[in-house]
Amino acid sequence: MGRKVWVPAVSGPLSAYAAEYASWLRGQSYSRSAISDRLWQFDQLSRWLDREGLAVGALSAAAWERFAASRRAAGRVTLVAPQSMALPVEYLRARGLTPKPVPPLAHGLVVDLLADYGSYLLIERGLSPHTVFDAYVPAARLFLAGRDGPGGLRLDRLAAADVSMFLTRECPKRSVSGRRDLVSALRSFLRYLHLAGRIEAPLVWALPAVADLRDRTLPRGLEPAAVTRLVASCDRRRLVGQRDFAILLLLSRLGLRAGEVAQLQLDDLDWRRGLLLVRGKAGRYDELPLPEDVGQALVSYLRRRPRCSSRAVFVRVTAPRRELNRSTIGWVVRAACDRAGLPRVGAHRLRHTAATEMLRHGASLAEIGEVLRHREQKTTAI
């Protein structure tokens, strides 16, 4: 049985939900004083609804702003900014008590085509939402810009010259890696258009390779001494230090990607068999042996891990207790570099470090590729 949450009196239409809201806040690991402050705000919102004669379901975005404005007009200075409404908004919407904002309906052939393309990437290709909506769909939208006219998209007239003109216009604006990403995304889109029957010729052949001097600038791993300094920079007397220490070991010892570390769930740790389930790219699942030092680091962290509703292994150390994302994992690495006095590197650099360390200790390319879960051996060879 958990410790009961003290609930200040809340009157008005929201009074029936006060106890549940308090429990929800506690599940997010808010302190007793923070819960009290938030329930006071909940009470003020409930009283305002009563005065305005509004039902809970009438709390639209405009109503939230009116409530915040009324608090500021009354001379209140705490919990009156629109951002301070995020918690009650999230709770009431999750409970289904208030409507979620409905985005304006977008019309047009480009919108419909991009929606279908996004579904294809998510369902057929198994790509992550981050890759789909932050990289591939924006590139396709840029390529289609200006084609949605009275005569339609005119994709039947699409030719290699259109592809070349697009790359000639866009590539000079980007770095080498940006050009490579654009070409990769456009290659995927052209392949989709051909498979969907939108264009007769695949046109993938019209995309040139981006010269990036890859053979001269091979991915470099960190030296063992640098890795030692990196992990030693974590203050393991503190919870955040234990968490970051375990993250750095997973990146540098097992070569996990930042997104794979972020997606790691408590149920993915098989302590009896000493295995770790990795949720990889394109919906791929793999089991890896859990090294003793990595397992010990995880155990030390999990013994102090905050209790919360999230099943993710790595969560925030302050409220609200939610899982870390891939960007936060990258910041863990950069912060460790700052503490260790090393030049900043990304999380993927530690993946290269794991590969070079395995090679240094005599592992074959096939064995390294199996650990890193590469689909092609040429990727491992680099």
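The following paragraphs examine the structure supplied in this document. Just so we're clear, the structure is a prediction, and the values are computed from it rather than from any experiment. (Residues numbered from 1 in each chain as written. Predicted model: local features only at pLDDT ≥ 70, side-chain atom pairs only at ≥ 80, totals over all residues. Heavy atoms only, no water.)

### Some words on the overall build of the protein
Along the protein, the regular secondary structure elements total 16 helices and three strands. For the protein, buried positions account for 41% of its 382 residues. Of the accessible surface of the protein, which amounts to about 21400 Å², a share of 53% is contributed by carbon and sulfur atoms. (Helix = DSSP H or I, 4+ residues; strand = E, 2+ residues; numbered from the N terminus. Buried < 20%, exposed > 50% of the residue type's maximum accessible area, 1.4 Å probe, protein only. Areas by Shrake-Rupley, 256 points an atom, 1.4 Å probe, with all protein chains shown as cover.)

### Brief notes about the pattern of salt bridges
Close approach of charged atoms allows side chains of opposite charge to pair. As enumerated under the stated definition, the model contains 17 salt bridges in all. Residue arginine 279 is joined to aspartate 268 by a salt bridge in which the shortest nitrogen-to-oxygen separation is 2.8 Å. Of this pair, arginine 279 sits in strand β2 (residues 275–279) while aspartate 268 is found in the loop between α11 (258–262) and β1 (269–270), placing the two residues eleven residues apart along the sequence. In this structure arginine 279 comes out as partly exposed when scored by relative accessible area, which is 23%. The buried category is assigned to aspartate 268, whose relative accessible area is 4%. Several salt bridges converge on common partners, so that one network encompasses Arg169, Glu170, Lys173 and Arg174. (Salt bridge = Lys/Arg side-chain N within 4 Å of Asp/Glu carboxyl O.)

### Section: the pairing of β2
The pairing of β1 with β2 spans two bridges and is antiparallel. Across the sheet, leucine 269 pairs through a bridge with leucine 276, a residue of β2. What sits between the antiparallel neighbours β1 and β2 is a turn of four residues, in which glycine 274 has the positive phi angle 65°. (Pairing = 2+ DSSP bridges.)

### Considering the packing of aromatic side chains
Counted according to the given criterion, the structure contains 14 aromatic pairs. Between tyrosine 117 and tyrosine 120, the ring centres sit 6.5 Å apart and the planes meet at 20°, which makes this aromatic pair stacked. With a gap of three residues between them, tyrosine 117 and tyrosine 120 both fall in helix α5 (residues 109–124), about one helical turn apart. We note that tyrosine 117, like tyrosine 120, is buried. Look at phenylalanine 143 and phenylalanine 166: their rings are 5.2 Å apart centre to centre, the planes differ by 85°, and that puts the pair in the edge-to-face class. On the criterion of sequence distance, the pair formed by phenylalanine 143 in helix α6 (residues 129–144) and phenylalanine 166 in helix α7 (residues 160–170) is long-range, its members being 23 residues apart. There is no split in this pair, since phenylalanine 143 and phenylalanine 166 are both buried. These aromatic residues form a ring-pair network of at least three members: Tyr117, Tyr120, Phe143, Phe166, Phe189 and Tyr192. (Phe/Tyr/Trp six-rings, centres within 6.5 Å; stacked < 30°, edge-to-face > 60°.)

### A look at unusual backbone geometry
Going from alanine 319 to proline 320, the amide bond is cis rather than trans, its omega being -5°. By secondary structure assignment, the location of proline 320 is in the loop between α12 (292–304) and α13 (326–340).

### Concerning the nonpolar core
Of all hydrophobic cores here, the largest spans 45 residues; its most connected members are Leu250, Leu276, Leu298 and Phe314. Where this core is concerned, the elements lending two or more residues are α9 (224–232), α10 (239–253), α11, β2, α12, α13 and α14 (347–360). For this core, the leading source of residues is α10, giving eight residues. In this structure phenylalanine 314 touches Arg243, Ala246, Ile247, Leu250, Val261, Leu264, Leu298, Tyr301, Arg322, Glu323 and Leu324, once residues within four positions along its chain are discounted. With 32 residues, the next largest nonpolar core counts Leu121, Val163, Phe166 and Leu193 among its residues. (Core = buried A, V, L, I, M, F, W, Y, C linked by side-chain atoms within 4.5 Å. Contact = heavy atoms within 4.5 Å.)

### Overview of α5
Look at α5: 22 Å from first C-alpha to last across 16 residues, which is about the 22 Å you get at 1.5 Å a residue. In this fold, the buried residues of α5 make contact with α6 and α8 (176–195). Phi for glycine 126, located one or two positions after α5, is positive at around 70°. (Expected span 1.5 Å × (residues − 1).)

### A short note on the environment of arginine 180
Relative to the helices and strands, arginine 180 is located in helix α8. Residue class for arginine 180 comes out partly exposed when judged on its relative accessible area of 31%. When the C-alpha atoms of arginine 180 and proline 208 are compared, they prove to be 9.9 Å apart, with 28 residues separating the residues in sequence.

### Examining the packing of helix α1 (residues 18–27) against helix α4 (residues 86–94)
Packing of α1 against α4 leaves a shortest axis separation of 11 Å and a crossing angle of 110°. Relative to α4, the element α1 lies roughly perpendicular. Of the two possible hands of crossing, α1 and α4 adopt the one that is right-handed. Residues Glu20, Tyr21, Trp24 and Leu25 of α1 form the contact with α4, whose own contacting residues are Leu87, Pro88, Glu90 and Tyr91. Considering only residue class, the contact of α1 with α4 consists of six nonpolar, no polar and two charged. (Axes fitted to C-alpha atoms, helices over the stretch in contact; angles between N-to-C directions. Parallel < 35°, antiparallel > 145°, perpendicular 65-115°, else oblique. Left-handed = near helix turned anticlockwise from the far one by under 90°. Nonpolar A, V, L, I, M, F, W, Y, C, P; charged D, E, K, R; others polar.)

### A word on the sheet that holds β1
To summarise the sheet geometry, strands pair through backbone hydrogen bonds and adopt either a parallel or an antiparallel arrangement. Here three strands make up an open sheet; going across it, the order is β1-β2-β3 and the pairing antiparallel. Edge strands, defined here as strands with exactly one partner in the open sheet, are β1 and β3 (285–289). Pairing geometry for β2 and β3, over five bridges, is antiparallel. The residue of β3 that forms the bridge with leucine 276 is leucine 288.

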